Amino acid sequence: MNTELIGESWDKLAEHQDALVETFYTRFFEQYPKYKSLFPQPLDRQMAKVVRTLTIVARAGDPEIVHPHLIRLGDKHRRFDLTKQDFLNFKQIFLDVLGEYCSKFCPDNWNQTCVDAWNEAFDVHIIPYIVQGLEGRMNPSEKKRIINMQTSAANQLLGKVVSINTEGLNSEILLKLEGGDHIAALITPTGLERLNLKVGSWAYAIVGAASVMLMHAKTKLVFSARNSFCGKLIDSEVGPIGAKLTLQLKSGNTFQALVSKQTVTELDLKKGEPVCCVFRAIDVLIAVEKAM
């Protein structure tokens, strides 16, 4: 996808974008009046937001960032019972109007290569991933990328509930992560009921980096913490006071830990070396996606 051409053509219309959006939604609702009910007043602000969102996406060059946004956008529109054809209708009118404005105000930018770039943006990136969200078809890695954009916690791991054991005041939830690792969390009965968790449910384990403790892999200490993982140190960002260290397991799962600069010095932790991390089950938050 030639994002440079897309960006140039859109930027050249900077002074005319508001008029373009108005022309677009007027023509869109004239040709497809059924869509008007989906956009509450004021229509110009609602439609401008949609158009500009898609143009920003079209010119972005990183699919790892773009695709989760589009899937989430599609998921948010599931309640409208939209289909792929609805977004093809959107694309048809938008590109027609865009072509008219570019031909008038920046004809040198509107050539066949630019037209192909916009078509590719819609056909390969925008529409397929919006439809994936509409149909609720998200694989675990895509779900994980989306949740990463919605919370500030460093450690956010998607897994399937494999067991729920209730003893005393809390329930232990065991999640099986991608790659086969397991992570345990303790939640209250109220939390269990609110999340409507069952064996087989997908859920996120969220762990604050400050709750993760690191140690050398050859330590002879045994810890009471429920969660213990070993791997190698793949990244170390040391600041004036603290440090962010990243541990990668054989499964590919990663954990980040926030420790003091003094800890890094005392433990003599180096990239590439084997290291382990531990954290308590009570420090693991469980989250699920809200039902539409």
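Everything here concerns the structure above.
Here's what I pulled together on the structure shown here. Owing to the predicted nature of the structure, the values given are computational and were not obtained by experimental measurement. (Residues numbered from 1 in each chain as written. Predicted model: local features only at pLDDT ≥ 70, side-chain atom pairs only at ≥ 80, totals over all residues. Heavy atoms only, no water.)

A closer look at the sheet that holds strand E8 (residues 254-260)
- Within the open sheet, the five strands sit side by side as E5-E9-E6-E7-E8. Their pairing is antiparallel. Looking at which strands have only one partner, the edges of the open sheet turn out to be strand E5 (213-216) and E8. Adjacent strand axes in the sheet meet at a mean angle of 45°, parallel and antiparallel pairs treated alike.
- Alignment of E5 against strand E9 (residues 274-279), held across four bridges, turns out to be antiparallel. (Pairing = 2+ DSSP bridges. Helix = DSSP H or I, 4+ residues; strand = E, 2+ residues; numbered from the N terminus. Axes fitted to C-alpha atoms, helices over the stretch in contact; angles between N-to-C directions.)

Focus on the pairing of E8
- A one-sided burial pattern is seen for E8, the buried positions being Phe 255, Ala 257 and Val 259 and the unburied ones Thr 254, Gln 256, Leu 258 and Ser 260.
- Bridging between strand E7 (residues 242-248) and E8 involves seven bridges; their strand directions are antiparallel. In the strand pairing of E8, Leu 247 is matched with Phe 255.
- Taking the residues between adjacent antiparallel strands as the criterion, E7 and E8 are bridged by five residues, where Gly 252 takes a positive phi near 100°. (Buried < 20%, exposed > 50% of the residue type's maximum accessible area, 1.4 Å probe, protein only.)

Considering the packing of helix H2 (residues 17-31) against helix H5 (residues 84-105)
- At their nearest, the axes of H2 and H5 sit 9 Å apart, and the two run at 140° to each other. By the angle between their directions, the pair H2 and H5 is classed as oblique. Of the two elements, H2 crosses H5, and the hand of that crossing is right-handed. In this structure, H2 contributes Ala 19, Leu 20, Thr 23, Phe 24, Arg 27, Phe 28 and Gln 31 to the contact, and H5 contributes Asn 89, Phe 90, Gln 92, Ile 93, Phe 94, Val 97, Leu 98, Glu 100 and Tyr 101.
- A breakdown of the residues in the contact of H2 with H5 according to their chemical character gives ten nonpolar, four polar and two charged. (Parallel < 35°, antiparallel > 145°, perpendicular 65-115°, else oblique. Left-handed = near helix turned anticlockwise from the far one by under 90°. Contact = heavy atoms within 4.5 Å. Nonpolar A, V, L, I, M, F, W, Y, C, P; charged D, E, K, R; others polar.)

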